[in-house]
Amino acid sequence: MRFTLNVDHVATLRNARGEDVPDPVTAALLAEQSGVDGIVVHLREDRRHISERDLRLLRELVTTKLDLEMAVTDEILEIACDVQPELATIVPEKRQELTTEGGINVIDNIVLLRDAVSTLHENSIAVSLFIEPEIEQIDAAAEIGSDLIEIHTGVFANCKVEEEQFDELEKIRLAAKHAKKLGLGVNAGHGLNYTNMKVFRELTDIDEVSIGHAVLARAFFVGLDRAIKDMIEIIKK
């Protein structure tokens with residue numbers, strides 16, 4: 001299971017004071033040195049954290065893999081095609097949300113998403129769709145030519161009762177297995193942390209996890225290098 005680090009909230013802290021530091025690009029480069037398999041950023045329409053400057057510098061400097069989370073708008077799609085990350089992960093986006101609240105509904109947006117996937121593919125960019133662990137959504141993702149799916153793990157991460165957590169884990173396991181049978185790569189993310197990863201890492205059909213907030217929060221106390229290596233140790237154990 002690979003581990004990619006989302007550095008959005010380094011930019012959140014920077015932007016809180018309108019300063020130049022901390023720099024998410026510097027954080028990304030340090031993270032690569034500490035052993036992550038890739039860097040994830042979400043260029044939002046309102047630019048609440050990552051800026052276009054950040055994205056373009058990351059494209060120049062990241063040597064592992066750059067995963068751009070994005071909504072399907074003309075502006076962001078044009079930027080993605082120009083920057084050319086290795087992976088574009090299409091996510092739903094609402095201005096009022098604190099963070100992405102759930103998976104995109106592929107079935108209800110199939111024409112829009114098919115066109116976006118086609119455009120990204122024409123620019124040699126692999127595409128992932130951030131979706132709920134639902135068989136119908138996975139089938140739709142495969143139908144429109146997505147290369148991967150990223151399973152939304154927020155419900156699993158927020159479970160307070162162990163039985164509910166394991167029920168949700170089984171749902172994710174079956175979804176990932178179904179996606180693999182369709183030839184899709186399978187990533188996962190949202191709310192994963194140092195505790196629930198000890199359970200989640202047992203899912204053999206998950207290729208990669210995207211984690212941000214938990215690692216960056218721990219970095220305040222132990223430093224970014226230690227926080228990353230602690231997570232790698234859990235994932236690879």
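Summary of the structure given here. (Residues numbered from 1 in each chain as written. Predicted model: local features only at pLDDT ≥ 70, side-chain atom pairs only at ≥ 80, totals over all residues. Heavy atoms only, no water.)

What follows deals with the nonpolar core. Among the nonpolar cores identified, the biggest contains 72 residues, and Phe 3, Phe 200, Ile 206 and Ile 211 are the most heavily contacted of them. Per-element tally for this core: the top contributor is helix α11 (residues 224-236), with seven residues. Residues contacting Ile 211, with those up to four places away along its chain left out, are Phe 3, Thr 4, Leu 5, Asn 6, Leu 192, Met 197, Met 231 and Ile 235. (Core = buried A, V, L, I, M, F, W, Y, C linked by side-chain atoms within 4.5 Å. Buried < 20%, exposed > 50% of the residue type's maximum accessible area, 1.4 Å probe, protein only. Helix = DSSP H or I, 4+ residues; strand = E, 2+ residues; numbered from the N terminus. Contact = heavy atoms within 4.5 Å.)

Inspection of helix α2 (residues 24-34) places Pro 24, Val 25, Ala 27, Ala 28, Ala 31, Glu 32 and Ser 34 among the buried residues, and these make up the whole buried set. Looking at the buried side of α2, the elements it contacts are β1 (2-6), α1 (8-16), β2 (38-42), α3 (52-61) and α11. Structurally, the start of α2 carries an N-cap: the backbone nitrogen of Val 25 is 3.1 Å from a side-chain oxygen of Asp 23. In the segment just after α2, Gly 35 is the residue with positive phi, at about 115°. (Polar contact = N/O pair within 3.5 Å; in protein donor to acceptor, adjacent residues only side chain to side chain.)

As a further point, take the pattern of salt bridges. One pass over the structure, following the stated rule, counts 19 salt bridges. A salt bridge links Arg 47 to Glu 52; its shortest N-O distance comes to 4.0 Å. The exposure class of Arg 47 is partly exposed, given its relative accessible area of 23%. Here Glu 52 falls in the partly exposed class, since its relative accessible area comes to 29%. Glu 75 is paired through a salt bridge with Arg 47; the nearest N and O atoms lie 2.8 Å apart. Linking Glu 75 in helix α4 (residues 74-83) with Arg 47 in the loop between β2 and α3, this pair joins segments that are 28 residues apart in sequence. Owing to a relative accessible area of 40%, Glu 75 belongs among the partly exposed residues under this scheme. Linked through salt bridges whose partners overlap, the residues forming this network are Arg 47, Glu 52, Arg 56, Glu 75 and Asp 82. (Salt bridge = Lys/Arg side-chain N within 4 Å of Asp/Glu carboxyl O.)

Looking now at the packing of aromatic side chains. All chains considered together, the criterion is met by one aromatic pair. Centroid distance Phe 156 to Phe 200: 5.5 Å. Interplanar angle 45°. Geometry classified as tilted. Of this pair, Phe 156 sits in helix α7 (residues 154-158) while Phe 200 sits in helix α9 (residues 197-200), and the two are 44 residues apart along the sequence. In this arrangement the basic side chain of Arg 218 is found over the ring face of Tyr 194, its NZ or CZ atom lying 5.0 Å from the centre. (Phe/Tyr/Trp six-rings, centres within 6.5 Å; stacked < 30°, edge-to-face > 60°. Lys NZ or Arg CZ within 6 Å of the ring centre and 35° of its normal.)

With that settled, consider unusual backbone geometry. The linkage connecting Val 21 with the following residue, Pro 22, adopts the cis geometry, with an omega of -5°. As for its placement among the helices and strands, Pro 22 is situated in the loop between α1 and α2. A positive phi angle is found at Ser 124, which is not glycine, with a value near 60°. Of note, Ser 124 is situated in the loop between α5 (110-122) and β5 (126-131). Of note in this structure, His 190 is not a glycine but carries a positive phi near 120°. Relative to the helices and strands, His 190 resides in the loop between β7 (185-189) and α9.

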